[in-house]
Amino acid sequence: MKILEMNHIRKSFGDLEVIKDISLSVSEGEILSIIGPSGSGKSTILRCATMLETINGGEIIYMGDKAAYTAENGSVVYAKGEKARKINSNFGLVFQNFNLFPHYSVMKNITDAPLHVQKRDKAEVNSQARELLKKMGLLDKADYYPCQLSGGQQQRVSIARALCMNPRILFFDEPTSALDPELTLEILKVIRDLAREHMTMVIVTHEMNFAKEVSNRIIFMEKGVIVEETTPDKMFSSDNERTREFLGKYHDLG
Amino acid sequence: MKKYAALLAAVCLALSVSACGSSSSSTSGSASGSAAGSASASGSEASSSAASSSEGTAERTTFTVGFDAEYPPYGYMDDNGDYTGFDLELAQAVCDMEGWELVKTPVNWDSKDMELSSGSIDCIWNGFTMNGREDQYTFSMPYVDNSQVMVVADNAGIDTLADLADKTVGVQAASAALTLLQDDGEEGQKALADTFAALQEFPDYNSAFVELQAGSIDAVAMDIGVANYQLKTRGEGFKIIEEPLNTEQYAIGFKKGNTELCDIVNKDLKELTDNGTVAQLAEKYEISDLVCLKAE
Amino acid sequence: MTLSTMLVQLSTGMVKSMGIFFWTLVLSLPLGLFVSFGRMSKNPAIKNIVKIYISVMRGTPLMLQLMIVYYSPFLLFGMNIKSFRFPAIIIGFTINYAAYFAEIFRSGIEAMPVGQYEAAKLLGYSKSQTFVKIILPQVIKHILPSVTNEVITLVKDTSLAFSLAYMEMFTIAKQIVAKQSTFTPFIVAAVFYYVFNFVVAAVMEHLEKKMSYYR
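The residue numbering used here restarts from 1 in each chain and proceeds along that chain's sequence as written. Starting at A for chains and at 1 for ligands, labels are handed out in the order in which the entities are written. Given that this is a predicted model, residues contribute local features only at a pLDDT of at least 70 and side-chain atom pairs are listed and counted only at 80 or more, while totals for whole chains, interfaces and linings are drawn from all residues. Where side-chain values are given, they derive from all heavy atoms of the structure, hydrogens and water being excluded.

Undergrad: Just give me the short version of the overall build of chain A, but keep the residues and values in it.
TA: Only DSSP runs of H or I reaching four residues or more are called helices, and only runs of E reaching two or more are called strands; each is numbered from the N terminus. Secondary structure assignment for chain A yields nine helices and 11 strands. C-alpha atoms define the radius of gyration, and 2.2 Å times the number of residues to the power 0.38 defines the globule rule. For chain A, the C-alpha radius of gyration of 18 Å lies close to 18 Å, the compact-globule estimate for 254 residues. Exposure categories follow from relative accessible area, calculated using a 1.4 Å probe and restricted to protein chains: below 20% of the type maximum is buried, above 50% is exposed, and the middle band is partly exposed. Of all 254 residues assigned to chain A, the portion counted as buried reaches 54%. Here the accessible surface of atoms and residues is derived via Shrake-Rupley with a 1.4 Å probe, and residues count as covered only by protein chains that are part of the display. Counting only carbon and sulfur atoms, one obtains 47% of the accessible surface of chain A, whose full area is about 11500 Å². Across chain A, the mean location of the 32 positive side-chain charges is 4 Å away from that of the 34 negative side-chain charges. In this tally Asp and Glu are treated as negative and Lys and Arg as positive; neither His nor the chain ends contributes. Charged groups are reduced to one reference atom each: NZ for lysine, CZ for arginine, CG for aspartic acid, CD for glutamic acid.

Undergrad: Any details on the packing of helix α2 (residues 44–59) of chain C against helix α4 (residues 85–110) of chain C? Residues and values, ideally.
TA: How two helices sit against one another is set out by the angle between their axes and by the gap between those axes. Residue and element names in this part refer to chain C. Their axes nearest at 9 Å, the elements α2 and α4 cross at an angle of 115°. Note that α2 runs across α4; the crossing there is left-handed. Note on element contacts: α4 touches α2 through I95, N96, A98, A99, Y100, A102 and E103, opposite Y53, I54, M57 and R58. Following the grouping adopted for this structure description, the nonpolar residues are Ala, Val, Leu, Ile, Met, Phe, Trp, Tyr, Cys and Pro, the charged ones are Asp, Glu, Lys and Arg, and the polar ones are all others, Gly among them. Here the residues of the contact of α2 with α4 are counted per class, giving eight nonpolar, one polar and two charged. To obtain each axis, a line is fitted to C-alpha atoms, and for helices this fit is confined to the stretch in contact; angles are then taken between N-to-C directions over 0 to 180 degrees. Crossings are classed by handedness, with left-handed meaning an anticlockwise turn of the near helix from the far one by less than a right angle and right-handed meaning a clockwise turn. Only heavy atoms enter the contact rule, under which two residues are in contact if any of them lie within 4.5 Å.

Undergrad: Now, about the side chain of S215 of chain A: what can you tell me, with residues and values included?
TA: All names here are of chain A. Assignment of secondary structure puts S215 in the loop between α7 (208–214) and β10 (217–222). Engagement of the side chain of S215 in a polar contact is seen with the side chain of S33, the distance being 2.5 Å. Side-chain polar atoms of S215 contact the backbone oxygen of A211, separated by 2.5 Å. Contact partners of S215, with chain neighbours within four places excluded, come to I31, S33 and P232. Any N or O atom pair separated by 3.5 Å or less is treated as a polar contact, with the protein-specific requirement of one donor-capable and one acceptor-capable atom, and with residues adjacent in sequence counted only for side-chain atom pairs.

Undergrad: Could you give an account of the interface of chain C and chain A, naming the residues involved and the relevant values?
TA: By convention, interface size is frequently given as the accessible area that disappears when the constituent parts associate. Contacts between the two partners involve 18 residues from chain C and, on the opposite side, 22 residues from chain A. By buried area we mean how much accessible surface two parts lose on assembly, using a 1.4 Å probe and totalling the loss over both. Overall, the association of chain C and chain A removes approximately 1900 Å² of surface from exposure, summing both partners, and the carbon and sulfur fraction of that is 61%. In what follows, salt bridge is the name for a side-chain nitrogen of Lys or Arg lying within 4 Å of a carboxyl oxygen of Asp or Glu. Summed over the shared surface of chain C and chain A, the result is two salt bridges. Close ionic contact of D112 of chain A with K133 of chain C constitutes a salt bridge, the shortest N to O distance being 3.4 Å. Our count for the contact surface shared by chain C and chain A stands at 12 residue pairs in polar contact (both at pLDDT 80 or more).

Undergrad: Which residues make up a negative patch on the surface, and what are the values?
TA: Patches were defined on residues exceeding 30% relative accessible area and lacking a salt bridge, with like-charge contacts within 9 Å and nonpolar side-chain contacts (Val, Leu, Ile, Met, Phe, Trp, Tyr) within 5 Å. Together, D183, D184, E186 and E187 of chain B make up a negatively charged patch on the protein surface. Relative to the assigned elements, D183 of chain B resides in the loop between α7 (176–182) and α8 (190–193).

Undergrad: Summarise the pattern of salt bridges; cite the residues concerned and give the values.
TA: Under the definition given, this model contains 33 salt bridges over all chains. With a closest N to O distance of 2.2 Å, R217 of chain A and E229 of chain A form a salt bridge. Within this pair, whereas R217 of chain A is found in strand β10, its partner E229 of chain A is found in strand β11 (residues 225–230), the two being separated by 12 residues in sequence. When its relative accessible area of 36% is taken as the criterion, E229 of chain A is described as partly exposed. Note that E98 of chain B and K267 of chain B form a salt bridge whose closest N and O atoms lie 2.9 Å from each other. Remark: K267 of chain B occurs in helix α11 (residues 259–274) and E98 of chain B occurs in helix α5 (residues 86–98); sequence separation between them is 169 residues. What makes E98 of chain B buried here is its relative accessible area of 7%.

Undergrad: Got a sec to walk through the interface of chain B and chain C? Specific residues and values, please.
TA: Listed as interface residues are 39 residues of chain B and, on the opposing side, 41 residues of chain C. Across the chain B/chain C interface, buried area totals approximately 3300 Å², and carbon plus sulfur atoms make up 60% of it. Where chain B packs against chain C, one counts four salt bridges. Remark: the boundary between chain B and chain C carries nine residue pairs in polar contact (both at pLDDT 80 or more). Of all the elements in the fold, those that place two or more residues in the side of chain B that touches chain C are α1 (2–23), β3 (75–77), β5 (101–106), α6 (112–117), α9 (205–214) and α10 (224–234) of chain B. Ranked by the residues each element gives to the side of chain B that touches chain C, the list is headed by α1 of chain B, at nine residues. Across the side of chain B that touches chain C, the residue classes tally to 16 nonpolar, 16 polar and seven charged.

Undergrad: Describe in detail the packing of aromatic side chains, supporting the description with residues and values.
TA: Aromatic pairs are defined between Phe, Tyr and Trp rings, using the six-membered ring for Trp, whenever the two ring centres lie within 6.5 Å; interplanar angles under 30 degrees are classed as stacked, those over 60 as edge-to-face, and all others as tilted. What the rule picks out here adds up to 34 aromatic pairs over all chains. On the numbers, 4.7 Å between centres and 50° between planes, the contact of Y70 of chain C with Y71 of chain C is tilted. Take Y70 of chain C and Y71 of chain C: they sit in the same class, and that class is buried. In this scheme, the term charge over a ring applies when either NZ of a lysine or CZ of an arginine sits within 6 Å of the ring centre and within 35 degrees of the ring normal. Lying across the ring of F236 of chain A, K212 of chain A places its NZ or CZ 5.2 Å from the centre. The ring of W100 of chain B carries R60 of chain B above its face, with NZ or CZ at 5.6 Å from the centroid.

Undergrad: Can you tell me about the sheet that holds β10 of chain A, naming the residues and giving the values?
TA: Whether parallel or antiparallel, the strands of a sheet pair through hydrogen bonds between backbone atoms. All names here are of chain A. Overall, mixed pairing links the six strands, which are arranged β7-β8-β9-β3-β10-β11 in an open sheet. With partners counted over all chains shown, the strands left at the sheet margins are β7 (91–94) and β11, one partner each. Across the sheet, the mean angle from the axis of one strand to that of its neighbour is 15°, orientation sign disregarded. Being paired, for any two strands, means DSSP has found at least two bridges between them. Pairing of β7 with strand β8 (residues 169–173) involves four bridges; the strand directions are parallel. Bridging from a neighbouring strand, L93 pairs with F171 of β8. Against the sheet, helix α1 (residues 42–49) touches β3 (31–35), β7, β8, β9 (200–204) and β10, its axis set at about 145° to β8.

Undergrad: Which residues make up the pairing of strand β8 (residues 144–153) of chain B, and what are the values?
TA: Residue and element names in this part refer to chain B. For β8, a buried count of nine out of 10 residues is recorded, marking the element as mostly surrounded by other parts of the structure. Where β8 lies against strand β13 (residues 246–250), five bridges are found, and the strand directions are antiparallel. Counterpart to D145 in the pairing with β13 is Q249. Direction of pairing for β8 relative to strand β11 (residues 219–223): antiparallel, over a ladder of five bridges. Bridging from a neighbouring strand, V152 pairs with A219 of β11. The pairing of β8 with strand β12 (residues 238–240) spans three bridges and is antiparallel. Within β12, the residue paired with V152 across the bridge is K239.

Undergrad: Hey, could you go over the confidence of the model for chain B for me, with residue numbers and the actual values?
TA: Residues and elements named next belong to chain B. Here pLDDT means the predictor's own confidence in every residue, given as a number from 0 to 100. For chain B, the average pLDDT comes to 80, and 80% of its residues sit at 70 or higher. Within the model, pLDDT remains below 50 along residues 1–56, and this stretch shows 41 contacts once partners closer than five positions in the same chain are excluded. Confidence estimates for the predicted assembly give a pTM of 0.81 and an ipTM of 0.93.

Undergrad: So what about the nonpolar core? Which residues, and what values?
TA: Core analysis: the biggest nonpolar cluster contains 152 residues, and Y62 of chain A together with F63, F86 and W125 of chain B have the highest contact counts within it. By residue number, the principal contributor to this core is helix α6 (residues 127–157) of chain C, which donates 11 residues. If we skip the residues at most four places from it in the chain, F63 of chain B touches C95, W100, E101, L102, V103, D122, C123, W125, F254, L261 and V265 of chain B. Note on terminology: a nonpolar core comprises buried Ala, Val, Leu, Ile, Met, Phe, Trp, Tyr and Cys residues joined through side-chain atoms within 4.5 Å.

Undergrad: Explain the sheet that holds β3 of chain B to me, using residue names and the numbers behind them.
TA: Read across the open sheet, the three strands follow the order β2-β3-β4 (chain B); overall the sheet is antiparallel. Since the sheet does not close on itself, it has two edges, and those belong to β2 (70–71) and β4 (83–84) of chain B, each with one partner. Relative to β3 of chain B, β2 of chain B runs antiparallel, the two sharing two bridges. Residue E70 of chain B lies in a different strand from β3 of chain B, and its bridge partner there is Y76 of chain B. Sitting on the sheet, helix α7 (residues 169–180) of chain C touches β2, β3 and β4 of chain B, and the angle it makes with β3 of chain B is about 110°.

Undergrad: Tell me what's going on with the pairing of strand β2 (residues 16–27) of chain A, and back it up with residues and numbers.
TA: Residues and elements named next belong to chain A. Examined bridge by bridge, strand β1 (residues 2–13) and β2 share eight bridges and lie antiparallel to one another. Bridge assignment links M6 to a residue of β2, and that residue is L24. In this antiparallel pair of consecutive strands, β1 and β2, the connection spans two residues, and G14 shows a positive phi of 65°.

Pasting the structure below:
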């Protein structure tokens, strides 16, 4: 079953077209990585998928519900009200720089939205939050504030926060690029664990080896278009010149 | 946090109640009191004015006097923290006759006209010079013969007004003395003021006296009554130049055209003069030689 | 006048001064927040009107504003303003301080990282929930030092009510000085203002400390 379908997405900032007619889809349990050089539009496509940016054309469909579509007059129509809320509850996003709420404790960061947005049962939410913290190895930090945690710990809290909303699909926007290599490993381990549980994920990353290891499918983007979309093995033995050049640079660095 | 909010709310409530309680005075004066007041009025003149008075005065229960609480001996805060003075006691006597409740409203002297015309106060009764202001107010009969004088340090070698040439002279803002020194008419003293090095305005007499004492100004122009009072309380070191700037008169200022209220007060003043109350008060405040209301 | 009478008189004035202080604070802080929304409005008409309002409030003396507020009902509409003195003072102080607070709120709100809004949006918070739960608490912590400055200034500014002959502490001090021909009431008043501000500063410092559990 398709969880997300994005068809013919276009997005411009002023005169600059950063997404040029991109289509992609994600099925349940699938792990999709998006790679590409800086400015290729890979973060933007994620922000479009999570409604943080409004698209200029195309359609976004979650679980068969249209979150956005292009009307006949060419303008893009977004779902509103209750329908939008229902659609938005399908996905979560892990930010590059965590964006935890600094005035909330770790526990409150995780439980506040489930309690006050989803209006779920307090005992249930608390036990789920503790479960998630345990999984993240942070159970002893429940009463800490974000400023008392390392970057890696903060990012794990933000993953737990997203997961506690029970999304069907979780997006990662360069989740390790604000972290040093050691802390990066912490986060990659968490994502690997989630992959083992068949969490549906879309990961924008610069960690090529990680993308190769964990993904079912990889998209290579450049200048707002998809250059190549294939399995990790095929991607890393691609005969596409641009792909080889890009991956080669990383290989040299590695 | 809730605790603090509750406390704050309680404090605010308490403060607001106290503030309101004091700003709006009670109007408990009764119609019977007013009736008694007019019954006590005697003389054909008085009764005719009472008869012609409109319902506005018939219903009057309070009499709001605007005064500058920084103007002893006419109006000031006494040692007990109450407002008193020659003018306020005289106003009280009028109110007692009419059965009104006296409301003493200190005003900012700069804003006295606005307070009067807006109806915040019924009259300005506070050593208020009538000369030169006749067109702007309806005045009662004059009750004090005042003069504007210069106060100088007694060792400054200034004995006449002519000695003030090239000196710095202080004066209260919006005062009669200032008006006089700026008046280039026949009665005015602008010619004299033009000989000064500078004419400096002060918000109150206290500041002016401190500067006089400190030597930063050489003389202060003011009413003789105020000058006498200041010299008495400040002790040695000052003197009044004998030659006055002018002679003028104090009267009660009503809103222009409010003759009916003015008439009532005039009638009462006359009676208070005849029964000796005025003379008694003048003696109490040591201004007997200035008060011009004399029993016939 | 004995010193104790003077203290009693000045204390009654002090209570009036505190009345101005508390009412101004309680009314101008929420109004300031509201005005800051207008200042940041996407509607150019609203934004410009608010900008002019703030500019006038900050660009003209508070003393003149007080006089205009007090006398204009009479000057414009011929209304009786006999019992309007205290309300006029509170209105005058409130609209003046709201302008300053609005700019402080604006600086705090605009300093919020956009990521906080995005995280809140992703978690499904409504706009009002986002503002009340996520943004405002952080803004308050952020702007507290600037607010403390204004609050301390307000304590001293209450003395400007003398221009409407309101019997607050400074007006009374002036009156006692006039009769007693001594500066003692001014010194006492200065001590009163200082003590008042000392307490205010202590309270604000306590608040800052309470909010220092996070960065």
